[in-house]
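A look at the structure
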Amino acid sequence: MRSIPRVARAFAVTGALALGLAACGGGDDDTSTSGDGGGDLVTVGFVAVGPEGGWRQANEANVQDTFTEEAGFELKYAPATNLDQRSQIDAFTSFVDEGVDVILLSATEGAGWEDSLRRAQEAEIPVILVDRGIEPDDNSLYVTRIAPDNYEVSTSVAQWAVSQFPDGGNYFVLEGPAGVSVVNERNKGWDDTVSSVPGLVKVGAQTANWSTEEAKSVFETVLRANNNDIQLVFAQNDEMGLGAAIAVEEAGLTPGVDVKIATIDGTRPALEALGEGRLSFVAEYNPLFGETLLEVVNQVLDGEEVEPYIVVPSETFDSPEAATAALPSRQY
Amino acid sequence: MTDVASRLAAKRGAIVRNQAFWGVVAIVLLLAINVISDPGYLSIGYNSETGHLSGNLIDILRASAPILMIAVGMCLVVATGGIDLSVGSIMVVAGAVSMELLSSMDGTTGDAVLTLAVALGIATALGAVNGVLVSVVGLQPFISTLVMMLAGRGIAKVITGGQNTTADNDSFAWLANGYIVGVPVVFLLAIVIVVLVALLVRRSALGLMLEAIGMDSRASRLAGVKRRNLQLTVYSASGLLAGIAGVFATASVMTVDVSRTGYQLELDAILAVVIGGTSLAGGKFSIGGAVIGGLLIATLDKTVVFLGIPASATPAFKAIVIVVLCLLQSERVRSLFRHRRALRAQSQKEAVAA
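Along each chain, residue indices are assigned from 1 in the same order as the chain's sequence is written. Each chain is given a letter, starting from A, and each ligand a number, starting from 1, according to the order in which they appear as written. It should be noted that, the model being predicted, local features are given only for residues of pLDDT at least 70 and side-chain atom pairs only at 80 or more, the latter also being counted only at that level, while totals for whole chains, interfaces and linings use all residues.

Note the threshold: UniProt positions are given in the numbering used here, feature names are shortened, and annotations may be inferred rather than shown by experiment.
As named in an unreviewed UniProt entry, chain B is ABC transporter permease, taken from Jiangella aurantiaca. Listed under Subcellular location (unreviewed entry) in UniProt, the entry text for chain B is "Cell membrane".

In the nomenclature of an unreviewed UniProt entry, chain A corresponds to Sugar ABC transporter substrate-binding protein from the organism Jiangella aurantiaca. Looking at chain A in UniProt, the text filed under Subcellular location (unreviewed entry) is "Cell envelope". Regarding chain A, the relevant UniProt record gives this comment under Sequence similarities (unreviewed entry): "Belongs to the bacterial solute-binding protein 2 family."

Below you can see the structure in the form of structure tokens.
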């Protein structure tokens, strides 16, 4: 007898917590809750990555702002729970079962999507990959992939590095988590260009999991292990580059003079740092391709053929002046 | 003569049986490996550019501060037979609150103090929610703190709007990056807090009461120990310490990373506590051991980078070190070795006699 009210109380408390959370989370997917817009809206399921960093934030906000009801769409936004692929597959499957018109997919991990994509194919729901690719890259399983080209972007960083260090130098690479397709592509673009220059010596590479805090801790130790003899850092995202800049400053060196840091992404904090000279080169990995995506979705729905890979053009910033010029119009 | 020898042997046995001893051995070994790869590893220099001491050891001390905080909190919770899985998430909440407040302020010392108070207050409150769920509602500690672990990161994301907020405040950054007579402030703070906690639980009956709850909560209640209040206090303290860790972690770069700050650090804290010889079954704890465990984890993290171990091999390297350490700590494995040694000695004696 005594235990029943206790269990009931426990449920009440957890229930209240869950309700509170649901109320908190409700703010950002208002497009999906107001679903009663009639049959003429095109339903789009967006299997997204969710909070990951400034770049992802800009990209997903841009997609959400593009596929509005005014434009004739009902967007169902499903971010992953803590970057977990399992939760993405669940969301994907439920979109297929619901029978949405199009699915947009930004996979947190490249591998393991074949079965889900085949189910979508059987249900005749076109799938468009947004930014992240899948592995192995079997383009019969999806309609098209729209993304800036990682290989091209990191090649542009490498070309800048080669031009900056004609006499060579030591460099270090701060990578994202091992095994992610972005990391492999960015490494390949960099290595293919830099390895042809004998003077540039790779001191090492280490993951800092896209994080400023970890990058600072890693690079502070790397500087010690090499007696500060590192002239160049290739950080595969802005956050890690900013962490490396802090580590350089704490070692008593000047970023931009003693150690030049190049990053990829082009978020606002990175451009501000470039303006102050703390970073030396920022290659944009353009997140704002909602318009292109909208065009492609319309083409696909009209039954037109589209290219299997659509590259979004990106810019590079190599000087404080370029950064200050770009900052006022920066949206992310 | 034999008396002295046997007493020495007994003492040695006691040291070897003390699990924290093997943690110290592991730290020394890791440092030795680093010295082999670079003979100047242990040297501490004076950096004339920045005006404070610098060196690998100093870096390790700085990196260990957040782990020490959560390990000590975890140690107290584990003593009562519970567990706190939410420390990493409480860290990110404290960090998110701090950065969000500071980014809208001017950067004065007063702002930093106010922010610190609010962030630590919220962290303590979240810890207290854990405490209420465990002590009043009577939920399993594993489940209630798991709820908080999932909810905490969600709360942090709501606070910053899903973004990684950056702020500027020199006083706040000083907590993590500053130096007092060449020694990192963050490590001094961590040691002061650890010593205070240790004095509080070991110089009063508090520690014994926590252990009593961990051993047998009904017996402790019959003996007059106020279980509810103590559990509430312990989980709140763990929340507070996790909040401090979160402040340390975010202040060092003045950025909160909602998906990475404190991510999976609860596992590091549990590991530090276990390496230090505190049983997860509760009823016994060692704060000194938890400190050694925390230092070991920081040393291990730094060693991996210093040796340049490839990113993909890092988790395997760490796992091997920890498995070996746990094997050494195991009484059964050690007695197996002793047995074999004794057998070998015996067979040698027989060979000589023959």
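1. Things to note about the overall build of chain B
Filter applied, for reference: A helix here means a DSSP run of H or I that spans at least four residues, while a strand means a run of E at least two residues long, and both kinds are numbered starting from the N terminus. The size measure is the radius of gyration over C-alpha atoms, and the globule rule it meets is 2.2 Å times the number of residues to the 0.38 power. Field definition: a residue is buried when 20 or more other C-beta atoms are found within 10 Å of its C-beta, exposed when 12 or fewer are, and partly exposed for counts in between, with C-beta atoms placed from the backbone. A pair of residues counts as a contact when their C-beta atoms, built from backbone coordinates, are separated by no more than 7 Å.
From N to C terminus, chain B includes 15 helices and four strands. A compact globule built from 354 residues would reach a C-alpha radius of gyration of about 20 Å, and chain B, at 23 Å, matches this within 12%. Principal axes of the C-alpha set define a box for chain B whose edges measure 85 × 60 × 40 Å. Classification of the 354 residues of chain B by burial places 51% in the buried group. In chain B, the share of contacts with a sequence separation of at least 24, taken over all contacts with a separation of at least 6, comes to 77%.

2. Section: the overall build of chain A
Along the backbone of chain A there are 12 helices and 12 strands. Taking as baseline every contact in chain A between residues at least 6 positions apart, the subset at least 24 positions apart corresponds to 77%.

3. Some points on the interface of chain A and chain B
Put simply, the rule reads: Classification used: nonpolar for Ala, Val, Leu, Ile, Met, Phe, Trp, Tyr, Cys and Pro, charged for Asp, Glu, Lys and Arg, polar for all others including Gly.
Contact residues are listed per partner, giving 39 residues for chain A and 37 residues for chain B. At the level of secondary structure, the elements contributing two or more residues to the side of chain A that touches chain B comprise helix H1 (3-25), helix H3 (54-66), strand S7 (200-207), helix H8 (212-225) and helix H9 (238-250) of chain A. For the side of chain A that touches chain B, the element with the highest residue contribution is H8 of chain A, accounting for 10 residues. For the side of chain A that touches chain B, the residue count by class is 14 nonpolar, 15 polar and 10 charged.

4. Focus: the UniProt feature "domain: Periplasmic binding protein" (unreviewed entry) in chain A
According to UniProt, the "domain: Periplasmic binding protein" (unreviewed entry) feature falls on residues 45-305 of chain A. As annotated, residues 45-305 of chain A comprises 43% helix and 20% strand, and the C-alpha atoms at either end are separated by 21 Å.

5. Structural notes on the pairing of strand S6 (residues 169-175) of chain A
Residue and element names in this part refer to chain A. Put simply, the rule reads: For two strands to be treated as a pair, DSSP must find no fewer than two bridges joining them. Looking down the strands as they point away from the viewer, one classifies a crossover as right-handed if the path from the first strand across the helix to the second runs clockwise.
The element S6 is extensively covered by neighbouring structure, given that five of its seven residues are classed as buried. Here S6 runs beside S7; their pairing, made up of seven bridges, is parallel. Looking across to S7, one finds that Asn-170 is bridged to Val-201. With helix H7 (residues 181-194) bridging S6 and its parallel neighbour S7, the resulting β-α-β unit is right-handed.

6. Digging into the UniProt feature "transmembrane region" (unreviewed entry) in chain B
Residues and elements named next belong to chain B. With numbering matched to this structure, UniProt assigns "transmembrane region" (unreviewed entry) to residues 20-37, 67-97, 172-201, 234-258, 270-298 and 304-328. Between the C-alpha atoms that bound residues 20-37 the distance is 26 Å, and the span itself is 100% helix and 0% strand. As a span, residues 234-258 carries 72% helix and 0% strand, and end to end its C-alpha atoms are 26 Å apart.

7. Let's talk about the environment of Tyr-309 of chain A
Residue and element names in this part refer to chain A. Summarising the element assignment, Tyr-309 is placed in strand S11 (residues 309-312). With 243 residues separating them along the chain, Tyr-309 and Thr-66 place their C-alpha atoms 21 Å apart. Ignoring any residue separated from it by four or fewer positions in sequence, one finds Tyr-309 in contact with Thr-144 and Arg-145.

8. Brief notes about helix H11 (residues 227-251) of chain B
Just so we agree on the cut-off: Here the expected span of a helix is defined as 1.5 Å times the quantity of residues minus one.
The end-to-end C-alpha distance of H11 of chain B is 36 Å, a good match for the 36 Å that 25 residues give at a rise of 1.5 Å each. The buried count for H11 of chain B comes to 20 of 25 residues, which makes it a mostly enclosed element.

9. What about the packing of helix H3 (residues 56-79) of chain B against helix H12 (residues 265-275) of chain B?
Residue and element names in this part refer to chain B. Applicable threshold: Axis lines are fitted to C-alpha atoms, over the contacting stretch for helices. Their N-to-C directions set the angle, which ranges from 0 to 180 degrees. Should an angle lie under 35 degrees it is considered roughly parallel, over 145 roughly antiparallel, and from 65 to 115 roughly perpendicular; all remaining angles are considered oblique. For any pair of crossing helices, the crossing counts as left-handed if the nearer helix is rotated counterclockwise from the farther one by less than a right angle, and right-handed if it is rotated clockwise.
Packing of H3 against H12 brings their axes to within 8 Å, and their N-to-C directions diverge by 65°. In terms of their interaxial angle, H3 and H12 are classed as roughly perpendicular. Classified by chirality, the crossing of H12 by H3 is right-handed. Between H3, through Ile-67, Ile-70, Ala-71, Met-74, Cys-75 and Val-78, and H12, the contact on the second element is made entirely by Leu-265, Asp-268, Ala-269, Ile-270, Ala-272 and Val-273.

10. Things to note about the environment of Leu-288 of chain A
Residues and elements named next belong to chain A. With respect to the helices, strands and loops of the structure, Leu-288 is situated in the loop between strand S10 (281-284) and helix H11 (290-301). C-alpha of Leu-288 to C-alpha of Gln-331: the two residues are 43 residues apart in sequence and 8.9 Å apart in space. Beyond its immediate stretch of four places on either side in the chain, Leu-288 contacts Ala-58, Asn-62 and Gln-331.

11. Focus: the sheet that holds strand S8 (residues 232-235) of chain A
All names here are of chain A. In spatial order, the strands read S7-S6-S8-S9-S10-S12; together these six strands make up an open sheet with mixed pairing. The strands lining the two open edges of the sheet, one partner per strand, are S7 and strand S12 (316-317). In the sheet, S10 pairs with S12 via two bridges, with the strands oriented antiparallel. Bridging from a neighbouring strand, Val-282 pairs with Phe-317 of S12. Sheet strands touched by helix H6 (residues 150-164): S7, S8, strand S9 (260-265), S10 and S12. Its angle to S9, the strand with the most contacts, is close to 165°.

12. Some points on unusual backbone geometry
Each neighbour pair has its own omega, and for Glu-135 of chain A with Pro-136 of chain A the value is -10°, a cis peptide bond. Examined against the element boundaries, Pro-136 of chain A turns out to sit in the loop between strand S4 (127-130) and strand S5 (144-148). Residues other than glycine seldom take positive phi values, yet Asn-227 of chain A does so here, at roughly 50°. Phi angles above zero are rare outside glycine, and Val-181 of chain B is one such case at about 35°. Its place among the elements puts Val-181 of chain B in the loop between strand S3 (179-180) and strand S4 (183-184).

13. Quick notes on helix H4 (residues 85-98) of chain A
Residues three or four positions apart in an α-helix share a direction because the helix packs 3.6 residues into each turn. Residue and element names in this part refer to chain A. Stated precisely, the cut-off is as follows: What the arc covers is the set of directions going from the helix axis to the C-beta atoms.
Here H4 spans 20 Å end to end across 14 residues, near enough to the 20 Å set by a 1.5 Å rise per residue. Buried residues of H4: Gln-88, Ala-91, Phe-92, Phe-95 and Val-96, and no others. Down the axis of H4, the buried set is contained in an arc of 140°. They therefore lie on one face. In H4, the exposed positions angled more than 90 degrees off the buried face are occupied by Arg-86, Asp-97 and Glu-98. Where H4 is buried, its residues touch strand S1 (42-48), strand S2 (73-79), strand S3 (102-105) and helix H5 (114-122). Directly beyond the C-terminal end of H4, a positive phi value near 75° is found at Gly-99.

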